[in-house]
Amino acid sequence: MKCNFDQPVNRRGSDCVKWDEYATGDDYLPLWVADMDFRVAPAIQRAIEQRAAQGVFGYTHVPEAYYEAVINWFRRRHGWAIERQDMLYTTGVVPAISCVIKALTMPGEKVLVLTPVYNCFFSSIRNNGCEVLESALLTFDPSPSTLHPYQIDWQDFEAKCADEKTTAFLLCNPHNPGGRVWTREELERMNDICLRHGVRVISDEIHCELVMPGYRFQPFAAVSDACRDNCVVCNSPSKSFNIAGLQTANIICHDAALRRRIDRAININEVCDLNPFGPVALMAAYNESEDWIDELCLYLKGNYDAMTARLHDALPQLRVMPQEGTYLAWVDVSALGMTSDAVTELLLSKAHVQVSSGTLYGSAGEGFIRINMACPRAQLMEGVERIVKVLKR
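The structure presented is a predicted model; accordingly, all values stated were derived computationally and were not measured.

Asks: It is not clear to me how the environment of Thr-248 should be interpreted in this structure. Could you clarify?
Replies: Tracing the backbone shows Thr-248 in the loop between β7 (231-235) and β8 (249-253). For Thr-248, a relative accessible area of 5% puts it in the buried group. Counting along the chain gives 27 residues from Thr-248 to Asn-275, while the straight-line C-alpha distance between them is 8.2 Å. Setting aside anything within four residues of it in sequence, one finds Thr-248 in contact with Tyr-66, Thr-90, Thr-91, Ser-236, Pro-237, Leu-274, Gly-278, Pro-279 and Leu-282.

Asks: Before we go on, may I ask you to explain the pairing of β7 in this structure?
Replies: In the case of a regular strand, side chains alternate between the two sheet surfaces. Of all the five residues making up β7, five are buried; the element is thus mostly covered by neighbouring parts of the structure. Burial along β7 is two-sided: Cys-231, Val-233 and Asn-235 facing one way and Val-232 and Cys-234 facing the other are all buried. Judged from the four bridges that link them, strand β6 (residues 200-204) and β7 form a sheet pairing that is parallel. Paired with Asp-204 across the two strands is Cys-234, which belongs to β7. Note: β7 against β8, four bridges, orientation antiparallel. Each residue of the ladder has a partner; that of Asn-235, found in β8, is Asn-250.

Asks: How do you make sense of the nonpolar core when you look at a structure like this?
Replies: Soluble globular proteins tend to bury their nonpolar side chains together. By size, the foremost hydrophobic cluster in this structure holds 74 residues, and its most contacted members are Ile-44, Phe-157, Phe-169, Met-190, Phe-241, Trp-292 and Leu-296. Here the element with the most residues in this core is helix α3 (residues 64-78); it accounts for seven residues. Ile-44 has contacts with Phe-241, Ile-243, Ala-281, Ala-284, Ala-285 and Ser-289, leaving out every residue within four places of it along the chain. Core analysis: the second largest hydrophobic core is formed by 33 residues, Val-113, Phe-121, Ile-251 and Ala-265 among them.

Asks: Please clarify how the pairing of β8 should be interpreted in this entry.
Replies: Across the five residues that make up β8, a large majority, five, are buried. Taking every second residue as pointing to the same face, both faces of β8 are buried, with Ala-249, Ile-251 and Cys-253 on one and Asn-250 and Ile-252 on the other. Strand direction decides the pairing type here: strand β2 (residues 87-90) and β8, joined by four bridges, are antiparallel. Within β8, the position partnered with Tyr-89 by the bridge is Asn-250.

Asks: Could you clarify how one ought to interpret the sheet that holds β7 in this entry?
Replies: Whether parallel or antiparallel, the strands of a sheet pair through hydrogen bonds between backbone atoms. The strand order β2-β8-β7-β6-β5-β3-β4 describes an open sheet built from seven strands, whose pairing is mixed. A single partner strand is all that each edge strand has here, and the edge strands are β2 and β4 (131-136). Strand-to-strand, the axes of this sheet are offset by a mean angle of 25°, without reference to chain direction.

Asks: When you look at the layout of surface pockets in this model, what are you seeing that I'm missing?
Replies: Over the atoms a probe the size of a water molecule is rolled, and this reveals where empty space is left. When its volume is computed, the largest pocket comes out at roughly 1,300 Å³. For the lining of the largest pocket, the secondary-structure elements that each account for two or more residues are α1 (17-20), α2 (42-53), α4 (93-104), α5 (119-127) and β12 (356-357). Estimated volume of the second largest pocket: approximately 220 Å³. Residue lining of the second largest pocket: 15 residues in total, with Arg-77, Glu-209, Val-211, Tyr-215 and Asp-294 positioned closest to the centre. Looking at the lining of the second largest pocket, the elements with two or more residues in it are α3 and α11 (290-314). The greatest single-element share of the lining of the second largest pocket, amounting to four residues, is contributed by α11. Here the residues of the lining of the second largest pocket sort into nine nonpolar, two polar and four charged.

Asks: How should the sheet that holds strand β10 (residues 328-332) be read in this particular structure?
Replies: Across the sheet, four strands lie side by side as β9-β10-β13-β12; this open sheet has antiparallel pairing. Unpaired on one side and paired on the other, β9 (319-320) and β12 mark the two borders of the sheet. Across two bridges, the pairing between β12 and strand β13 (residues 368-372) is antiparallel. If you follow Ser-356 over to β13, its bridge partner there is Arg-370.

Asks: What's the story with the pattern of salt bridges in this structure? I'm lost.
Replies: Close approach of charged atoms lets side chains of opposite charge pair. Going through the model one piece at a time under the given rule, you end up with 24 salt bridges. Linking Arg-77 and Glu-209 is a salt bridge whose minimum nitrogen-to-oxygen distance equals 2.7 Å. With Arg-77 in helix α3 and Glu-209 in the loop between β6 and α8 (225-230), this pair connects stretches of sequence that are 132 residues apart. For Glu-209, a relative accessible area of 4% puts it in the buried group. We note a salt bridge from Arg-319 to Asp-332, for which the minimum N-O separation is 2.8 Å. Taken together, the residues Arg-319 in strand β9 and Asp-332 in strand β10 connect sequence positions 13 residues apart.

Asks: Would you mind showing me how to read the side chain of Glu-205 here?
Replies: Here Glu-205 is to be found in the loop between β6 and α8. Although Glu-205 is buried, it makes no salt bridge; Arg-184 carries the closest opposite charge, 11 Å away. A distance of 2.8 Å separates polar atoms of two side chains, one belonging to Glu-205 and the other to Ser-203. Sequence-distant contacts of Glu-205, defined by excluding residues within four places in its chain, comprise Trp-80, Asn-173, Phe-217, Pro-219, Phe-220, Val-233, Cys-234 and Asn-235.

Asks: Where do I start with the side chain of Ser-135 in this structure?
Replies: Mapped onto the elements, Ser-135 comes out in strand β4. Look at Ser-135 and you get buried, because its relative accessible area is 1%.

Asks: Just to check I follow, could you spell out helix α12 (residues 340-351) for this structure?
Replies: What sets the pattern is the α-helix's 3.6 residues per turn: residues three or four places apart point alike. Here α12 spans 16 Å end to end across 12 residues, near enough to the 16 Å set by a 1.5 Å rise per residue. For α12, the complete set of buried residues consists of Ser-340, Val-343, Thr-344, Leu-347 and Ala-351. Summarising the axial view, the buried residues of α12 lie within an arc of 100°, below the 170-degree limit, and thus occupy one face. Seen from the open side of α12, the exposed residues pointing more than 90 degrees away from its buried face are Glu-345 and Lys-350. Just past α12, the residue His-352 takes up positive phi, approximately 55°.

What counts and how
Residues numbered from 1 in each chain as written. Predicted model: local features only at pLDDT ≥ 70, side-chain atom pairs only at ≥ 80, totals over all residues. Heavy atoms only, no water. Helix = DSSP H or I, 4+ residues; strand = E, 2+ residues; numbered from the N terminus. Buried < 20%, exposed > 50% of the residue type's maximum accessible area, 1.4 Å probe, protein only. Contact = heavy atoms within 4.5 Å. Pairing = 2+ DSSP bridges. Core = buried A, V, L, I, M, F, W, Y, C linked by side-chain atoms within 4.5 Å. Axes fitted to C-alpha atoms, helices over the stretch in contact; angles between N-to-C directions. 1 Å grid on protein atoms, 1.4 Å probe; cavity = no way out; pocket = protein on both sides within 12 Å on 5 of 7 lines; lining within 4 Å. Points joined across faces, edges and corners; volume = space filled by probe spheres on them. Nonpolar A, V, L, I, M, F, W, Y, C, P; charged D, E, K, R; others polar. Salt bridge = Lys/Arg side-chain N within 4 Å of Asp/Glu carboxyl O. Lys, Arg positive; Asp, Glu negative; His and termini not counted. Polar contact = N/O pair within 3.5 Å; in protein donor to acceptor, adjacent residues only side chain to side chain. Expected span 1.5 Å × (residues − 1). Arc of directions from axis to C-beta.

Structure below.
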């Protein structure tokens, strides 16, 4: 398969959150919310069109072929043997996380996160009456012009797990917005610490297929039996295959008693039914679109390299985090002497480019902005040139 990711797609006027919700004019360029400006894989497009041709869109039964597609994909691609009875489906990873927190915790307890981290983690925790407990990631700077990938402050992590009110650890694997793809050794160490202190792990693995060349995604539950027994994994093809609007996700939990509680929470939260297009899209993604995702990751690496080279040349005081996974670049703008919010507002008002302020991702995100690189390269580089023009002033 040879995909043309350079082909522009006009999404304006389609009630698209990314392009229409905050548009400031005809030259508005959104590089913020995490969806891609690429057409889906051809197999997904065909599957949706074939399903739409029936013309009836009633309540949907999820077939056994759906479970087989998920199981076969993760066994083939990641060496993870998921058992059919361990799977629960729901409408998205954020609803999945909320349901798992509801099943695992009591109001007033603490849920640990590694910050900066995906902003919906905070709302999912607080909406369940729990307290967010942050352990800030560390970055070691070998030189003023570069950033080292985020590392875990293990001493702080264990101290936070040892807090008697901490009952769950919500992990982002791969990490959004920091771009880390956690290693098997890191995941095992996380679990060892959590087990010592009676803390369950919830692993959000929505970005698991978006991994740069030279890195390998490790499912948390596939590290060891101990990890499998102490975790709940939430995943979906939505980010990787650009089908977030079709609202399909899966929860994998090997603990039967906990799985029953999660199933109950799914029904309490009324996120127990899928739409007619989600299952067919998932099956087409996992059964027929592996070449597409491999080509996509190579293209995203090219986008990252082009963007980083231009920023380094024109604005050497900015530092871009090394990219191991996701299509979300994490850029240190602290040398500008402005807050993240101020930089974000300046770029929107003067460059008409919308990025995400680092403060969305917790206090550890101050001094950073997040840039969505998942678009045709010409579009990304137009945004970068606008950013350069404004910030060089």
